[in-house]
Amino acid sequence: MCATLRRMRINYKVGHFTLFPTSLHTSQLLVLHFLTPPHKVLNPKVTSFSTESSYCSSNSLNSENGFDFLEQFSPFKNLANSSTYTVITSNERRKIVVGLSRMIKNEKGYILEAFSRDFCPSFLVKIMKLIGNREVAFAFFKYVFQDYSESTVKSCCISAHLLAAGQLRLLAQDMISWIIRRIGKCRSDEIVEFMWREHYKYECDFSVLDSLMRAFLTAEMVSAALDILSKMRDCGLWPSSSAIGILFKLLLRIGDYGSVWKLFRDMLHKGPHPTNNLFNVMILGYCRKGSLRTGESLCHLMRKFGCEPDVFTYNILINAYCIRGWTSDALHWVHMMIDHGCNPSISTFSTVINALCKEGNMMEARKVFDGMQEVGVFPSTITYNALMDGYVKAREIYQANMLYEEMKKKGVVPDAITLNILVAGHYKYGREEDGDRLLWDLTVTGLFPDCLFSDVSIAGLCWAGRLNEAVTLLDSMLEKGIPVSVIAFNSIIAAYSKEGLEEKAFEVYNIMVQFGQTPSASTCASLLMGLATTGRLQEARNLMAKMIAMSFPVNRTAFTVLLDGYFKKGDVIGARILWEEMEMMGIAPDSVAFSALIDGLAKAGSVEDAYGAFFQMTRKGLVPNNFVYNSLITGFCNSGKLNEAQKLERDMRDRGLLPDVFTINTIINGFCKQGRMRLAVDSFVEMQRSGIQPDIVTYNTLINGFCKAFDMVNADNFMTRMYASGWEPDITTYNIKLHGFCSSRRINRAVMMLDELVSAGVVPNTVTYNTMMNSACNDILDRAMILAAKLLKMAFIPNTVTANLLLSHLWKQGLPQRALMWGQKLREIGFEFDEITYKILDNASHYIQENTECCTETTGKSLFLDFLMYITYDYIRRSKAYNDENDSSYELVEDGPCGSFKLVNKAIV
């Protein structure tokens, strides 16, 4: 690895870098050289064509200032300028330009010039052959086929005949399929008539009918494809097995099971004879629809027709059982395939290991991982990634690191997914500095081959927080034609989604689709996460429905992302409905999905339902981890059921899980809430005895408990212990002490502590402000005004709690009319009341009804409260207006022919 490339790879965390060093792979250098604008005119003989744009980037190839470079090659120039004409992607456009420029350079420009004057079949075929690439030739045809008149369609059919006669049947099938899709089903009979008429001049009966059948299948016109099949039978021809397989796949996808079995019986009587591939297509189709028993029956039926189930057959069934969460049945099929003399492949073991990891059963996954090597099947990068991801999700970062070291020793090359798994694990559950060190190690040691360099470079920049540079690098690579996989796009999409920049995520996704990349399950989950993160759950549900309808790989991860979004928004009913939908679709929840469900229910106060989900999880054989137990323990402690919480802690130990500091902190907090401080201290002593070191949360919890019990001596003792343990007070510590001073009306001491925390560089939060504001409202007017001025000078930001405490003070100080008046003003600007707000306003209303002679005198204190209330009201009003302007409701619309989406503001629509 040369020094230039090495400098590029280690430069994630420092400075800028040269995007394309001289040490790039030879093929990449050729691409870069080929796409560099030449200094001379390619073909001086051809003066009627513009050549200065021939090698421009994909962006410049699109219409600019009304000029489209490709338009000059089209015989239908008046149609090419249509603003709705988006049948080719920017990537296809760039490749067409490169291909046509090569033709001009090789002095074949006269063919282009002749074709541009007249849509001639022979010239079209010559151009497509000279382009030399099926994908690019087909893209050129899509661009120039802009007139759907009968004469043009006939000319296209002749071109298809000529291509088939020239041993280019696949390209001919592409052409026919595109023509059918453009002119529509109603005119499809014309195509059949044109192609069949005088076809004998170019190709045989089987060739033309097979091409028509495949074209209709590509266009997903099943009935027309079945008609062609019938015509083949009438001519005494056997359809090809591969075409029949495509037909089976399409019928199964649309759920036409009657036609599936009719076609199967027809095939048995008239041919072709069933093959392993046909059976595998049928088994896969039924398994994807959730009919595993039918898939099993077909597997057993294979031997009756002289077919022996192969490794693909077994892998389809094993994967289907794993997706449903029936891992024990999957393992049964692994043993069955071995008994029948079929050796499991790396894919077999990787599927089972991944399923066990999703269940959280890391011990069994490791056994399978070790066992596969004993039978001579050695793990690949995919296998290592699956097991590594399992360890990370189980929060066993040490085991994931050990596996990575083992991977390196055995010479298995990591990829960008390895990088994402490990770095994410360290950032989420480990230490960020370890993640930075790992990122440095992966990029400096040069473990990645050149073919993965672009993916790893972009992923590394995203993890380093240099998202803009990652996008710039991606854009530059795309412009220069350097291969970029879906992994690189996914890294940027995920990074944007995590930041809540969902519109940017969709822009990158659309670029990915335009460059011919197929969305993966990770792509779908990341796009949904972007919408869920910003609370746009309805848009997320709409996107998921569209993705499922378009057969995108939407899996349990996508459902889990949405489930978590519903719980975070407080929509428990929506989360339950989504959970039921997931199970109805045959998608088995894994341990991560159950963790999200249990945590969401526990936080919503439905701890009994969460406990029921916990039992359902264990009955399915899924292994709960510390996160699941901690969620339940927190739920029981919050509901005052400390005995159940302690039972769960003992159950953790019995299952071999060690309670962590979060577990003990939760139990200590439960005791403190009930005022059982002796038991809280006993738990504190026990945690130290068991080797768990208290953290700042532990000390804050105990200090708060003693302050609420008015035991300031022990509160100060634990403050001293906290300093002795090396912990500095944080804002929570200061807020606890402030609340204690304010509750005991030691306002001067509270003000001194407020100054102390600011001097220590600790930033006050809304709890600090509201605590002090509440104290100011209870204090004498002069000192209250001084304290309020101090808070306003510190950029005090009011919130719902502020509004509630001010409304409460207005009511309690004999000003219920003012409380109701401000309540009405808040309601008019769309302020969302909580239960406390409603209770305060109800009390104020009852007070007025019971006391007809309320105080209406304007006092200094009433003016002070009105002043604070106005500041709060004005801030909430302006914040609401800003949020309404920037968080408008968006609608997902399809954008282009390749499955692209974009977010459109409904107000604009």
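Residues numbered from 1 in each chain as written. Predicted model: local features only at pLDDT ≥ 70, side-chain atom pairs only at ≥ 80, totals over all residues. Heavy atoms only, no water.

Per an unreviewed UniProt entry, the protein chain goes by Pentatricopeptide repeat-containing protein At1g12620-like and derives from Nicotiana sylvestris.

This brings us to the overall build of the protein chain. Across its full length, the protein chain holds 49 helices and two strands. Residues classed as buried in the protein chain amount to 51% of the 909 residues present. Considering only contacts within the protein chain whose residues lie at least 6 apart along the sequence, 65% involve residues at least 24 apart. A total of about 42,800 Å² of accessible surface is found on the protein chain, and carbon and sulfur atoms cover 53% of it. (Helix = DSSP H or I, 4+ residues; strand = E, 2+ residues; numbered from the N terminus. Buried < 20%, exposed > 50% of the residue type's maximum accessible area, 1.4 Å probe, protein only. Contact = heavy atoms within 4.5 Å. Areas by Shrake-Rupley, 256 points an atom, 1.4 Å probe, with all protein chains shown as cover.)

It is at 9 Å that the axes of helix H47 (residues 816-828) and helix H48 (residues 835-850) come closest, and there the two elements cross at 140°. Of the possible angle classes, the one that applies to H47 and H48 is oblique. The handedness of the crossing between H47 and H48 is left-handed. Every residue of H48 that contacts H47 at Pro816, Gln817, Ala819, Leu820, Gly823 and Arg827 is listed here: Leu841, Ala844, Ser845, Tyr847 and Ile848. Of the residues assigned to the contact of H47 with H48, the class counts are seven nonpolar, three polar and one charged. (Axes fitted to C-alpha atoms, helices over the stretch in contact; angles between N-to-C directions. Parallel < 35°, antiparallel > 145°, perpendicular 65-115°, else oblique. Left-handed = near helix turned anticlockwise from the far one by under 90°. Nonpolar A, V, L, I, M, F, W, Y, C, P; charged D, E, K, R; others polar.)

By the definition in use, this model includes 32 salt bridges. One salt bridge connects Lys393 with Asp389, and the closest N-O pair in it is separated by 2.9 Å. Linking Lys393 with Asp389, this pair stays in helix H22 (residues 381-393), spanning four residues, or about one helical turn. According to the relative accessible area criterion, Lys393 is partly exposed, its value standing at 34%. We classify Asp389 as buried; its relative accessible area is 18%. Asp874 serves as the salt-bridge partner of Arg878, at 2.9 Å between the closest nitrogen and oxygen. Taken together, the residues Arg878 and Asp874, both in helix H49 (residues 860-886) and four residues apart, mark about one turn of the helix. Look at the salt bridges and you will find they share partners, linking Arg366, Asp370, Glu406 and Lys410 into a network. (Salt bridge = Lys/Arg side-chain N within 4 Å of Asp/Glu carboxyl O.)

It is worth spelling out the packing of aromatic side chains at this point. Taken as a whole, this structure holds 27 aromatic pairs when the rule is applied. Pairing Phe115 with Phe119 gives two aromatic rings, centres 5.5 Å apart and planes at 50°, and the pair type is tilted. Take Phe119: its relative accessible area is 10%, and that puts it in the buried class. Over the aromatic face of Trp178 sits the side chain of Lys142, whose NZ or CZ is 5.2 Å from the ring centroid. (Phe/Tyr/Trp six-rings, centres within 6.5 Å; stacked < 30°, edge-to-face > 60°. Lys NZ or Arg CZ within 6 Å of the ring centre and 35° of its normal.)

Before going further, it helps to spend a moment on unusual backbone geometry. Following Gly271, the chain continues into Pro272 via a peptide bond in cis, with omega recorded as -5°. Structurally, Pro272 can be placed in the loop between helix H15 (257-270) and helix H16 (276-288).

Before going further, it helps to examine the nonpolar core. Counting residues in each nonpolar core, the largest one holds 125 residues, and the members touching the most others are Leu100, Phe141, Ile191 and Phe248. Those residues within four positions of Ile191 in sequence are excluded, and the remaining contacts are Val153, Cys157, Ile176, Ile179, Ile180, Ile183 and Leu212. Core analysis: the second largest hydrophobic core is formed by 103 residues, Met477, Val513, Met722 and Ile736 among them. (Core = buried A, V, L, I, M, F, W, Y, C linked by side-chain atoms within 4.5 Å.)

In this model helix H35 (residues 607-619) runs 18 Å from its N-terminal to its C-terminal C-alpha over 13 residues, within 8% of the 18 Å that 1.5 Å per residue would give. Here H35 has its buried residues at Val607, Ala610, Ala613, Phe614 and Met617. Looking straight down H35, one finds its buried side chains confined to an arc of 110°; they lie on one side. Within two residues after H35, Gly621 carries a phi angle of roughly 85°, on the positive side. (Expected span 1.5 Å × (residues − 1). Arc of directions from axis to C-beta.)

Attention now moves to the environment of Leu301. Mapped onto the secondary structure, Leu301 falls in helix H17 (residues 292-301). It is 9.1 Å that separates the C-alpha atoms of Leu301 and Phe279, two residues lying 22 residues apart in sequence.

This part covers the confidence of the model for the protein chain. With 84% of its residues at a pLDDT of 70 or more, the protein chain shows a mean pLDDT of 79. Here helix H2 (residues 26-34) stands out as the least confident element of the protein chain, with mean pLDDT 31; helix H7 (residues 121-131) is the most confident, with 91. Per-residue pLDDT stays below 50 along residues 1-66; that stretch engages in 123 contacts with residues further than four places along the chain or on separate chains. Low pLDDT, under 50, characterises residues 81-85; the stretch is placed with seven contacts to residues that sit more than four places away or in other chains. (pLDDT = per-residue confidence, 0-100.)

What follows is about helix H14 (residues 241-254). The first and last C-alpha atoms of H14 sit 20 Å apart over 14 residues, in line with the 20 Å expected at 1.5 Å per residue. Residues of H14 that are buried: Ala243, Ile244, Gly245, Leu247, Phe248, Leu250, Leu251 and Leu252. Elements that come into contact with the buried residues of H14 comprise helix H12 (205-218), helix H13 (222-234), H15 and H16. At the exit of H14 stands Gly255, carrying a positive phi of roughly 80°.

H15 packs onto H14 with a crossing angle of 160° between their chain directions and a minimal axis gap of 8 Å. Classified by the angle their axes make, H14 and H15 are roughly antiparallel. Like other packed secondary-structure pairs, H14 and H15 cross with a definite hand, here left-handed. Residues Ile244, Leu247, Phe248, Leu251 and Leu252 of H14 lie in contact with H15, whose contacting residues are Tyr257, Ser259, Val260, Leu263, Phe264 and Met267. Split into classes, the residues belonging to the contact of H14 with H15 amount to 10 nonpolar, one polar and no charged.

To continue, consider the side chain of Asn490. Relative to the assigned elements, Asn490 resides in helix H28 (residues 486-498). When sequence neighbours within four positions are dropped, the list of residues in contact with Asn490 reads Met512, Ser520, Ser522 and Thr523.

Inspection of the secondary structure assignment puts Ala596 in helix H34 (residues 591-603). Of the residues examined, Ala596 reaches a relative accessible area of 13% and is grouped as buried. Taking the C-alpha atoms as reference points, Ala596 and Ser631, 35 residues apart in sequence, are found 9.5 Å from one another. In contact with Ala596, other than residues within four places in its own chain, are Thr560, Leu563 and Phe567.

A few words on the environment of Asn626. The residue Asn626 is located in helix H36 (residues 626-638) in this model. On the basis of relative accessible area, Asn626 is assigned to the buried category, the value being 16%. Distance in space between the C-alpha atoms of Asn626 and Ser595 is 9.9 Å, their sequence separation being 31 residues. Among residues more than four places away in sequence, those in contact with Asn626 are Met652, Leu657, Leu658, Pro659 and Asp660.

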